[in-house]
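A look at the structure
Letter by letter, the chains look like this.
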Amino acid sequence: MKMIIAVVQDKDSNRLTDALAENDFKTTKLSTTGGFLREGNTTFMIGCEDGEVDDALEIIRNNCSQREQMVAPISPMGGNADSYIPKPVKVEVGGATVFILPIDSFFQF
Amino acid sequence: MKMIIAVVQDKDSNRLTDALAENDFKTTKLSTTGGFLREGNTTFMIGCEDGEVDDALEIIRNNCSQREQMVAPISPMGGNADSYIPKPVKVEVGGATVFILPIDSFFQF
Amino acid sequence: MKMIIAVVQDKDSNRLTDALAENDFKTTKLSTTGGFLREGNTTFMIGCEDGEVDDALEIIRNNCSQREQMVAPISPMGGNADSYIPKPVKVEVGGATVFILPIDSFFQF
Ligand code: NI
Ligand code: NI
Ligand code: NI
């Protein structure tokens with residue numbers, strides 16, 4: 001068995017939870033912060049058979065890959081809303097950092 | 001050494017904490033959600049010697065095994081409390097999902 | 001690769017976060033409680049190359065080692081503040097419990 005530890009952005013967390021559940025993966029989620037990605041992320045612990053790791057990775061990649069998104073920037077403080085048309089800007093969102101750890105044994109009580 | 005990762009229901013968390021401490025196991029607890037069990041669970045990380053794993057597993061099994069419990073159901077909304085005697089129902093509670101991971105090395109600073 | 005799991009006191013958490021970032025270590029932090037140390041601790045997950053483990057350990061040791069600190073004790077309830085000069089007492093602060101786990105593989109999406 002393997003333990004998959006996947007750190008993803010909060011915004012992709014619900015979608016990944018659903019996709020993993022639909023494929024019968026059992027997951028435990030931790031609320032985490034910091035470093036691997038921008039602030040505010042969720043860490044998934046997924047225990048699975050060796051032969052299921054590739055499927056889980058594909059689901060993570062399909063739901064959490066880093067991608068570009070157009071967002072409307074916040075209007076500057078004190079700006080005149082009538083005269084100012086904010087131009088959408090590209091930002092990188094998503095992304096996943098994934099570690100596969102070996103498991104010696106597994107028990108269910 | 002081994003790292004025991006045990007996901008248990010919140011309701012069994014305090015009892016397991018006490019039982020592990022009484023047997024000199026050092027634990028760190030994470031508040032977690034989701035999948036391995038019903039919502040609202042606690043994940044224990046227990047670092048221990050290889051020869052202590054069986055003792056730890058027995059403590060987890062004794063304090064967190066899945067079992068049936070009789071609970072009084074909530075009275076239906078708008079029900080007449082005088083005429084309605086709720087019949088207790090059996091529910092499954094508890095349960096633990098436990099992974100044993102190898103540890104390369106351990107340090108205490 | 002290795003997964004470093006370091007449980008440190010909350011009071012050392014920000015300092016360790018900064019020191020690890022300055023040395024280009026990527027970290028994910030969990031808010032944890034209990035056993036390895038006094039209540040209120042932070043668990044760092046650090047993924048790194050095998051050859052970087054010693055550097056990471058040195059940073060953890062330099063920022064989180066257990067040490068003595070003089071603290072002014074809380075005045076006793078009902079004590080007379082004019083007549084009572086609290087004598088500072090030594091307490092142990094800090095400390096880190098660190099596990100190094102093997103990683104089979106690593107992915108970034
Ligand atoms: Ni296996
Ligand atoms: Ni060992
Ligand atoms: Ni390696």
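Whatever comes next refers back to the structure up there.
My aim in this report is to walk through the structure given alongside it, one point at a time. (Residues numbered from 1 in each chain as written. Chains lettered and ligands numbered in written order. Predicted model: local features only at pLDDT ≥ 70, side-chain atom pairs only at ≥ 80, totals over all residues. Heavy atoms only, no water.)

Examining the packing of aromatic side chains
All names here are of chain A. Following the criterion strictly, the structure yields 6 aromatic pairs over all chains and no others. Residues F107 and F109 carry aromatic rings whose centres are separated by 6.2 Å and whose planes lie at 20° to one another, so their mutual orientation is stacked. Judged by relative accessible area, which is 28%, F107 ranks as partly exposed. Given the relative accessible area of 16%, F109 is considered buried. (Phe/Tyr/Trp six-rings, centres within 6.5 Å; stacked < 30°, edge-to-face > 60°. Buried < 20%, exposed > 50% of the residue type's maximum accessible area, 1.4 Å probe, protein only.)

Some points on the interface of chain A and chain B
If you look at the interface, chain A gives 19 residues, while chain B gives 25 residues. Across the chain A/chain B interface, buried area totals approximately 1800 Å², and carbon plus sulfur atoms make up 65% of it. For chain A, the biggest contributors to the area lost against chain B are A:D104, A:F107 and A:F109; these three give 37% of the whole. Across the contact surface, chain A and chain B share 1 salt bridge. A salt bridge links A:D104 to B:K2; the nearest nitrogen and oxygen atoms lie 2.5 Å apart. Among the residues forming the side of chain A that touches chain B, the class breakdown is 11 nonpolar, 5 polar and 3 charged. Both strand β7 (residues 105-108) of chain A and strand β6 (residues 96-102) of chain B contribute to a ladder of 4 bridges, which runs antiparallel. Following the sheet pairing, A:F106 is matched in β6(B) by B:F99. (Contact = heavy atoms within 4.5 Å. Buried area = accessible area lost by both parts, 1.4 Å probe. Salt bridge = Lys/Arg side-chain N within 4 Å of Asp/Glu carboxyl O. Nonpolar A, V, L, I, M, F, W, Y, C, P; charged D, E, K, R; others polar. Pairing = 2+ DSSP bridges. Helix = DSSP H or I, 4+ residues; strand = E, 2+ residues; numbered from the N terminus.)

Points about a negative patch on the surface
Taken together, A:D24, A:E49, A:D50, A:E52, A:D54, A:D55 and A:E58 make up a surface patch of like negative charges. On the accessibility criterion, A:D54 (58% relative accessible area) is exposed. (Patch = residues over 30% accessible without salt bridge, like charges linked within 9 Å, V, L, I, M, F, W, Y side chains within 5 Å. Areas by Shrake-Rupley, 256 points an atom, 1.4 Å probe, with all protein chains shown as cover. Lys, Arg positive; Asp, Glu negative; His and termini not counted. Charge placed at Lys NZ, Arg CZ, Asp CG, Glu CD.)

Section: the coordination of the nickel ion (ligand 1)
All names here are of chain A. Protein-derived coordination of the nickel ion (ligand 1) comes from M1 (N) and D50 (OD), at a distance range of 1.7 to 2.4 Å. Here D50 lies in the loop between β3 (41-48) and α2 (53-64) and M1 lies in the segment before β1 (2-9), a separation of 49 residues in the sequence. According to the relative accessible area criterion, M1 is partly exposed, its value standing at 23%. Relative accessible area serves as the criterion here: at 45%, D50 is assigned to the partly exposed category. (Donors = N, O, S within 2.8 Å, 3.2 Å for Na, K, Ca; no water.)

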